[in-house]
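Working through the structure, step by step
Single-letter residue listing:
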Amino acid sequence: MSRYVLRVVSLAAALGLWQTLTSLKVDLWLRFSQFPTVTDVARAFADRVSGADYWTDLTDSLTRILTGFALAAVLGVATGVLVARSRLAEDLLGPVLEVVRPIPAIALVPVAILLFPSNEQGIVFITCTAAFFPVMVSTRHAVRALTPVWEEAVRTMGGGRWRILGSVVLPGALPGIFGGLSVGIGVSWICVISAEMISGQYGVGYRTWQDYTVVNYPGVFVGMVTIGVLGWVTSTAVELLGRRLTRWLPRTSYVPGGRPRAVVPAAVAPVAVQADGESQKESDAEQQDRDGTDQEARDEHFV
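Right, let's walk through the structure included here.

What counts, and where the lines are drawn
- Residues numbered from 1 in each chain as written.
- Predicted model: local features only at pLDDT ≥ 70, side-chain atom pairs only at ≥ 80, totals over all residues.
- Heavy atoms only, no water.
- Helix = DSSP H or I, 4+ residues; strand = E, 2+ residues; numbered from the N terminus.
- Buried < 20%, exposed > 50% of the residue type's maximum accessible area, 1.4 Å probe, protein only.
- Contact = heavy atoms within 4.5 Å.
- Areas by Shrake-Rupley, 256 points an atom, 1.4 Å probe, with all protein chains shown as cover.
- Patch = residues over 30% accessible without salt bridge, like charges linked within 9 Å, V, L, I, M, F, W, Y side chains within 5 Å.
- Salt bridge = Lys/Arg side-chain N within 4 Å of Asp/Glu carboxyl O.
- 1 Å grid on protein atoms, 1.4 Å probe; cavity = no way out; pocket = protein on both sides within 12 Å on 5 of 7 lines; lining within 4 Å.
- Points joined across faces, edges and corners; volume = space filled by probe spheres on them.
- Nonpolar A, V, L, I, M, F, W, Y, C, P; charged D, E, K, R; others polar.
- Phe/Tyr/Trp six-rings, centres within 6.5 Å; stacked < 30°, edge-to-face > 60°.
- Polar contact = N/O pair within 3.5 Å; in protein donor to acceptor, adjacent residues only side chain to side chain.

Quick look at the overall build of the chain
- A count of helical and extended segments in the chain gives 11 helices and two strands.
- Start at the N end of the chain and walk to the C end: the helices and strands fall as α-β-β-α-α-α-α-α-α-α-α-α-α.
- When the 303 residues of the chain are sorted by exposure, 31% land in the buried category.
- Excluding contacts between residues fewer than 6 apart, the proportion of contacts in the chain whose partners are at least 24 apart in sequence is 70%.
- Of the roughly 19800 Å² of accessible surface on the chain, a fraction of 65% belongs to carbon and sulfur atoms.

Structure, rendered in C-alpha cells:
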C-alpha cells in the first residue's frame, strides 16, 4: 500500500508543479506562460469526454493499433523463429530485413499512401511495420540463446521438429518474445499517432493535430494525456499477459517496505554440493574396503 501511496504522491506533485509554473507564468528559459494550466486541461478534457467525437477517435485509434500490433506479433514471432532456426531463411530474408529495419516506420507514410487504396489500411501497415522489427529481433535473439541440451533431450525421446518447436523453442523464447512485444506496442503508438496526424481521418492523433492548427492548446494536451494513458494501459496489458504465460520463471522477490528478504548466497550451493560429494566418496571408499575384506575372507575359506 505504501508503494501505491508513493506513486499517487509523485503524480500529484508533478501536477502541482505544472499548475504552479503555468499559473504564475514563469519564464526562466522555459516559457511556461505559453502552457495551459492543469485546470484548463481538465475543463477541456471534461468537455471532450462529454462529446461523441472523443469516443469515436478513441475507438478508431484502438482499432488501428490492435490490428497492426496483432499482425506484427504473429509475423514477427514467425519470422524471428524462422530466421533463427533456418540458415536458408537467414540467407534469404536476413539482408532484406536488415536493410529495411533502420528505416523509421513514419518515413513509410508516402509508401503506404501509394501502396494501399485507403488511408485506414495504410495506417495499419505503418503500425504493423513499427512493431514488427522489435518483435522479430527479440524473438531471433531469444531463440538463438536457447541451450542445445533441451533440444537434444527431446530428440533423444523421439520428438520431431514440430515437437521441439512447441515444447522447447517457443516456451523457452517466451521471455524474449514478450520483451519485444512490450517495446513494439510503445513504438506502435508513436507511429500510429504520427500517421493519423499526416494522413488520418478521425483518431486521437488526427484530433490532436487539428487542435494544434486552430491554436487550441488545452485540446492538444487532452490528446497527449489520452495517448499517454492508452499507451500505459496497452503496455501493462502486454506485460501482465507475459507474466501470466511465463509463471514458471523465477521472480525477484522483495518486501514492499524496502528490506530485502534473506536469501541463501549462491556460493553456499556449490560448497554443499562439494561436501555432499566428498561424503559420498568417503562412503563409497568404505564400502569398497568392506567388500574387499569380505572377498578375501571368502577366498581364504575356499582354500
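There is more to say after this.
Digging into a nonpolar patch on the surface
- On the surface, a cluster of nonpolar side chains totalling about 470 Å² of accessible area is made up of M1, Y4, V5 and V9.
- Examined against the element boundaries, V5 turns out to sit in helix α1 (residues 2-23).
- Taking relative accessible area as the criterion, V5 reaches 46% and is therefore assigned partly exposed.

Quick word on the layout of surface pockets
- Space inside the second largest pocket adds up to approximately 290 Å³.
- In terms of lining, the second largest pocket is formed by A78, V81, L82, R85, S86, R155, R161, W162, I164, L165 and V169.
- If you list the elements that add at least two residues to the lining of the second largest pocket, you get α3 (52-85) and α8 (161-199).
- With five residues, α8 is the largest single contributor of residues to the lining of the second largest pocket.
- The class makeup of the residues in the lining of the second largest pocket is seven nonpolar, one polar and three charged.

Overview of unusual backbone geometry
- Even without glycine at this site, K25 takes up a positive phi of about 55°.
- Residue classification places K25 among the exposed residues on the basis of a relative accessible area of 54%.
- Even without being glycine, W29 reaches a positive phi, approximately 70°.
- If you trace the backbone, W29 turns up in the loop between β1 (27-28) and β2 (30-31).
- Residue classification places W29 among the exposed residues on the basis of a relative accessible area of 82%.

Overview of the packing of aromatic side chains
- Counted under the stated rule, the structure contains eight aromatic pairs.
- Ring plane angle 65° and centroid distance 5.2 Å describe the contact between F35 and F221, whose orientation is recorded as edge-to-face. Of this pair, F35 sits in the loop between β2 and α2 (38-49) while F221 is found in helix α10 (residues 217-245), placing the two residues 186 residues apart along the sequence.
- Judged by its relative accessible area of 39%, F35 falls in the partly exposed class.
- Classification of F221 as buried rests on a relative accessible area of 13%.
- With 5.9 Å between their ring centres and 80° between their planes, F45 and Y54 make a pair best called edge-to-face.
- An aromatic cluster is present here, built from W18, F32, F35 and F221 joined pairwise through their rings.

With respect to the pattern of salt bridges
- Summed over the entire model, instances satisfying the criterion amount to 10 salt bridges.
- Here R64 ties to E120 by a salt bridge, and the two come within 2.9 Å at their closest N and O atoms. Here E120 lies in helix α6 (residues 119-144) and R64 lies in helix α3, a separation of 56 residues in the sequence.
- Residue classification places R64 among the buried residues on the basis of a relative accessible area of 1%.
- Between R85 and E151 there is a salt bridge, with its nearest N and O atoms 3.1 Å apart. Taken together, the positions of R85 in helix α3 and E151 in helix α7 (residues 148-156) put the pair 66 residues apart, joining distant regions of the chain.
- Under the relative-accessibility criterion, R85 is labelled partly exposed at 39%.
- What you see here is one network of salt bridges that share partners, running through R64, E120 and E196.

Some points on the side chain of T22
- For T22, the location among the structural elements is in helix α1.
- From its side chain, T22 meets the backbone oxygen of Q19 in a polar contact 3.2 Å long.
- Apart from the residues lying within four places of it in its own chain, the contact partners of T22 are F32, F35, P36, T37 and V38.

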